[in-house]
Amino acid sequence: MRPIVEGGVAIGVVLTVCFSVGLGKGPLAQHEEAAARLVPSFDVNGGGLVEALLRLGEQERVPMGIEYVDADALEKPVKISLRQVTVAQALDALLPQESGYSWRLQDGRKR
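None of these values were measured; they are calculated from a predicted model.

K.L.:
Got a minute to help me understand the overall build of the protein in this structure?
P.N.:
When you go through the protein residue by residue, the secondary structure sums to four helices and six strands. A burial count over the protein gives 40% of its 111 residues as buried. In the protein, of all internal contacts separated by at least 6 residues, the share reaching a separation of at least 24 is 66%. As displayed, the protein offers around 6600 Å² of accessible surface, 52% of which is attributable to carbon and sulfur atoms.

Next comes the structure, spelled out in structure tokens:
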């Protein structure tokens, strides 16, 4: 399932992370700016991966839509404490390569 984002740009996760488009900048610059935004702190102690990703989205005002969810993403507890990282680094920390999950810039530039 893909989210419908009118006038928006998106970053995909196992989930699709959608950043809304600002005025006066091209879509690529907007993607990169949103992914480079600093997250002062983000802590999760329990709850599943989906909950953690949605909390990050809510905290950083980054709307997220889920493409695919398995039982582990809902039920396996996540514990993470991040300080002074970018949105991209937070997503990388939540979705390490060995997890089988990934996120990507929706405009086709994979991360």
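K.L.:
Can you walk me through unusual backbone geometry in this structure?
P.N.:
Across residues other than glycine, the phi torsion is negative in most instances, and most of the peptide bonds are trans. In this model, Gln84 sits at a positive phi of 50°, which is unusual for a non-glycine residue. Along the polypeptide, Gln84 turns up in strand β5 (residues 79-86). Residue classification places Gln84 among the exposed positions, given a relative accessible area of 52%.

K.L.:
Please explain the packing of helix α2 (residues 49-59) against helix α4 (residues 87-94) as it appears in this structure.
P.N.:
Think of two packed helices as two axes; the pair is described by the angle between the axes and how far apart they sit. Their axes nearest at 11 Å, the elements α2 and α4 cross at an angle of 175°. What the angle tells us is that α2 and α4 run roughly antiparallel. Seen from α2, the contacting residues are Leu49, Ala52, Leu53 and Leu56; seen from α4, they are Ala90, Leu91 and Leu94. By residue class, the composition of the contact of α2 with α4 is seven nonpolar, no polar and no charged.

K.L.:
What am I meant to see in the side chain of Thr86 here?
P.N.:
Here Thr86 shows up in strand β5. Residues in contact with Thr86, not counting those within four places in the same chain, are Ala35, Ala36, Arg37, Leu38 and Val39.

K.L.:
Even after reading the chapter, I still don't get the pattern of salt bridges, so can you show me in this structure?
P.N.:
For side chains of opposite charge, pairing can occur when their charged atoms come near one another. For the structure shown, the criterion picks out one salt bridge. A salt bridge links Asp43 to Arg83, with the shortest nitrogen-to-oxygen separation between them at 3.0 Å. Placement of the pair is Asp43 in strand β3 (residues 38-45) and Arg83 in strand β5, with a sequence separation of 40 residues. Classification of Arg83 by relative accessible area gives partly exposed; the value is 47%.

K.L.:
Could you clarify how one ought to interpret the nonpolar core in this entry?
P.N.:
One recurring pattern in soluble globular proteins: nonpolar side chains tend to sit buried together. With 22 residues, the main nonpolar core has Phe42, Leu49, Val78, Ile80, Leu94 and Leu95 as its most contacted residues. Among the secondary structure elements, those contributing two or more residues to this core are β3, α2, β5 and α4. When sequence neighbours within four positions are dropped, the list of residues in contact with Val78 reads Val44, Asn45, Gly46, Gly47, Gly48, Leu49, Ala52 and Leu94.

K.L.:
I keep staring at α2 and nothing clicks. Help me out?
P.N.:
A turn of α-helix holds 3.6 residues, and therefore any two residues three or four places apart point the same way. Among the residues making up α2, those that are buried are Leu49, Val50, Ala52, Leu53, Leu56 and Gly57. One side of α2 carries all its buried residues, which in axial view fall inside an arc of 165°. Downstream of α2 by one or two residues, Arg61 has phi in the positive range, about 55°.

Calculation notes
Residues numbered from 1 in each chain as written. Predicted model: local features only at pLDDT ≥ 70, side-chain atom pairs only at ≥ 80, totals over all residues. Heavy atoms only, no water. Helix = DSSP H or I, 4+ residues; strand = E, 2+ residues; numbered from the N terminus. Buried < 20%, exposed > 50% of the residue type's maximum accessible area, 1.4 Å probe, protein only. Contact = heavy atoms within 4.5 Å. Areas by Shrake-Rupley, 256 points an atom, 1.4 Å probe, with all protein chains shown as cover. Axes fitted to C-alpha atoms, helices over the stretch in contact; angles between N-to-C directions. Parallel < 35°, antiparallel > 145°, perpendicular 65-115°, else oblique. Nonpolar A, V, L, I, M, F, W, Y, C, P; charged D, E, K, R; others polar. Salt bridge = Lys/Arg side-chain N within 4 Å of Asp/Glu carboxyl O. Core = buried A, V, L, I, M, F, W, Y, C linked by side-chain atoms within 4.5 Å. Arc of directions from axis to C-beta.

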